[in-house]
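Here is how the chains run, residue by residue.
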Amino acid sequence: MQVKGQSSAADKMDVSQAKQEHLLALKVMRLTKPTLFTNMPVTCEDRDLPGDLFIRLMKDDPSTVKGAETLILGEMLTLPQNFGNIFLGETFSSYISVHNDSNQVVKDILVKADLQTSSQRLNLSASNSAVSELKPECCIDDVIHHEVKEIGTHILVCAVSYTTQTGEKLYFRKFFKFQVLKPLDVKTKFYNAESDLSSVTDEVFLEAQIQNITTSPMFMEKVSLEPSMMYNVTELNNVSAGIESESTFGRMSYLQPLDTRQYLYCLKPKPEFAEKAGVIKGVTVIGKLDIVWKTNLGERGRLQTSQLQRMAPGYGDVRLSLELIPDTVSLEEPFDITCKITNCSERTMDLVLEMCNTRSVHWCGVSGRQLGKLSPSASLSIPLKLLSSVQGLQSISGLRLTDTFLKRTYEYDDIAQVCVVCPYTSPES
């Protein structure tokens, strides 16, 4: 397919400088996959005047699918008739041919192909050395490839310089303009979660919404998250079915035009960073998404987002979490929990723990006890005992931490919930 290039003002200027006919001819063709042939089926009822004429004609048509002649898509392939669309992340391929149309031997032929974008100019030529001579009816061929990484107007600049038999040096250029479009619309949402029942300091959930904004369906080959150095990632887009796991989107992972798909990932800090609350608190860079898809007849595209950033969770100066708590406890019977206190500030604290009873939860032990000094980023685990006087799902509240240095009190309510049951009540009742 020969591309019809759009000449710019610079191109017209170069041609006007040498109105004589050039000895060489330049042809540029974009290399793309063919498409399925489409036809418009014409049908009618048997009682109409044509009878079964249209049906017989469609059955004899070699481009139709046998047994499904009324389908628009045929079983033949057609070569592209225009330049077509180029999307961000795809590979632009082009065939460049310089042919000697004259009856002279041309010397020192140099063919150069550059791609001009809004921000840079790239040299795509496979070789920058000149060809010593080109005989009549011979040609110089080159195939260039470039993975498109910018949106907007791109200009392929093909320049040819050569020397005639008389020693005259000639030069001409041609410009081919095309647009690079955006194939996907990617939106991300972050959810900060605290893992109270493990040694992990933080969990971050990432929801990625990916929409196909092209006019053709896409096969989503891979959508993965490459985490930053402080996190490990777990994909939550598969459902376990026995030994094997199946994608939540089904076996045929096609994304139709304007359809949106949501992917979910869970990030956990690595063990060496999990205990460093001050370090994790300041981490905003989570990672980047790597998306690979295929269109039409297997044309591959790939996009990588920039580093995704989240709002750092605010813990304040002191963070209190639970390391151990039972799911179910008995009514009016003491049970144990383990609290973890972390100093997230940049100064040393002298903490005092106070326990305030609520309507349903009563603390067992001495309130107002000294916990001692806690240095920055350090943690302290404290076992506590309490009981509940009300059945049902009860919230644990009423802990107070006071920093005696600054006379500042930190209140912690709704820390966790436990299910309180009566051990004397039978399940049948």
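The numbers attached to residues start from 1 for each chain and follow its sequence in the written order. Given that this is a predicted model, residues contribute local features only at a pLDDT of at least 70 and side-chain atom pairs are listed and counted only at 80 or more, while totals for whole chains, interfaces and linings are drawn from all residues. Calculation of side-chain values draws on the structure's entire complement of heavy atoms; hydrogens and water are dropped beforehand.

This brings us to the overall build of the protein chain. Here a helix means four or more residues in a row that DSSP labels H or I, a strand means two or more in a row labelled E, and each is numbered from the N terminus. Of regular secondary structure, the protein chain possesses 4 helices and 33 strands. Residue burial is assigned from relative accessible area. The probe radius is 1.4 Å, only protein chains are included, and a residue is buried under 20% of its type maximum, exposed over 50%, and partly exposed in between. Taking all 429 residues of the protein chain together, the buried fraction comes to 38%. Only heavy atoms matter for contacts: two residues are in contact if any of them lie within 4.5 Å across the pair. Summarising the internal contacts of the protein chain: among those between residues at least 6 apart in sequence, 71% fall at separations of at least 24. Surface summary for the protein chain: the accessible area is close to 24200 Å², and the carbon and sulfur share equals 52%. Here the Shrake-Rupley method, with its probe set to 1.4 Å, supplies the accessible areas, and only the displayed protein chains count as covering residues.

Take the sheet that holds strand β19 (residues 260–269) next. In sheet architecture, strand pairing relies on hydrogen bonds along the backbone and comes in two forms, parallel and antiparallel. In short, DSSP must find at least two bridges between two strands for them to pair. Spatially, 4 strands are ordered β12-β13-β19-β15 in an open sheet, and the strand pairing comes out antiparallel. The outermost strands of the open sheet, each flanked by one partner alone, are β12 (184–193) and β15 (231–235). Sheet twist, expressed as the mean angle between neighbouring strand axes with direction ignored, is 25°. Here β12 pairs with strand β13 (residues 203–212) via 10 bridges, running antiparallel. Axis lines are fitted through C-alpha atoms, for helices just across the contact stretch, and the angle between N-to-C directions can take any value from 0 to 180 degrees.

This part covers unusual backbone geometry. The residue S377 is not glycine, and still its phi comes out positive at about 70°. Looking at the secondary structure, you find S377 in the loop between β28 (369–374) and β29 (379–388). A positive phi is found at D414, a non-glycine position, where the angle reads about 55°. Mapped onto the elements of the fold, D414 is located in the loop between β32 (408–412) and β33 (416–421).

The next subject is the confidence of the model for the protein chain. Confidence scores per residue from the predictor, reported as pLDDT, run from 0 to 100. When pLDDT is averaged along the protein chain, the result is 84; 88% of the residues meet or exceed 70. Taken element by element, the protein chain is modelled with least confidence in helix α1 (residues 9–17), mean pLDDT 41, and with most confidence in strand β10 (residues 152–163), mean pLDDT 94. Ignoring residues within four places in sequence, the model shows residues 1–19, a span with pLDDT below 50, making 30 contacts including any to other chains.

This next bit is on the side chain of T338. Here T338 lies in strand β25 (residues 335–343). If we skip the residues at most four places from it in the chain, T338 touches S321, L322, E323, L324, S381, I382 and P383.

Looking at the element boundaries, P383 is found in strand β29. In this structure the C-alpha to C-alpha distance between P383 and K340, which are 43 residues apart in sequence, comes to 8.9 Å. Beyond its immediate chain neighbours, meaning those up to four positions away, P383 contacts I337, T338 and R369.

Our focus in this paragraph is the environment of G301. Structurally, G301 can be placed in strand β21 (residues 299–304). For the pair G301 and E90, spaced 211 residues apart in sequence, the C-alpha separation works out to 4.3 Å. Once residues lying within four places of it in the same chain are set aside, the contact partners of G301 are G89, E90, I291, V292 and W293.

Now for the side chain of E90. Tracing the backbone shows E90 in the loop between β4 (86–87) and β5 (91–100). Buried and unpaired, E90 has R30 as its nearest opposite-charge partner, separated by 4.8 Å. In this view, E90 contacts N85, H146, E147, V148, W293, T295, R300 and G301; residues no more than four positions away in its chain are not counted. Counting rule applied: Lys, Arg positive; Asp, Glu negative; His and chain ends not counted. Just to be clear on terms, a salt bridge is a Lys or Arg side-chain nitrogen sitting within 4 Å of an Asp or Glu carboxyl oxygen.

A cluster of nonpolar side chains, contributed by L36, L73, L77 and L297, occupies part of the molecular surface with about 340 Å² of accessible area. On the secondary structure map, L36 appears in strand β2 (residues 35–38). Judged by its relative accessible area of 37%, L36 is partly exposed. Only residues whose relative accessible area exceeds 30% and that take part in no salt bridge are eligible for patches, with like-charged residues grouped when within 9 Å of each other and nonpolar side chains (Val, Leu, Ile, Met, Phe, Trp, Tyr) grouped when within 5 Å.

Strand order in this open sheet of 3 strands is β24-β33-β30, and the pairing throughout is mixed. Two strands bound the open sheet, and with one partner strand each, they are β24 (328–330) and β30 (392–396). Adjacent strand axes in the sheet meet at a mean angle of 40°, parallel and antiparallel pairs treated alike.

A separate point is the pairing of β33. Side chains of β33 alternate between two faces, with A416, V418 and V420 buried and Q417, C419 and V421 left unburied. With 3 bridges joining them, β24 and β33 adopt parallel strand pairing. Pairing of T328 across the sheet is with C419, part of β33. Note: β30 against β33, 5 bridges, orientation antiparallel. Bridge pairing in β33 links L393 to C419.

A full pass over the atoms with the stated rule returns 13 salt bridges. A salt bridge links K112 to D114, with the shortest nitrogen-to-oxygen separation between them at 3.9 Å. What makes K112 partly exposed here is its relative accessible area of 39%. Assessed through its relative accessible area of 7%, D114 is described here as buried. A single network of salt bridges, built from pairs that share partners, joins D317, R347, D403 and R408.

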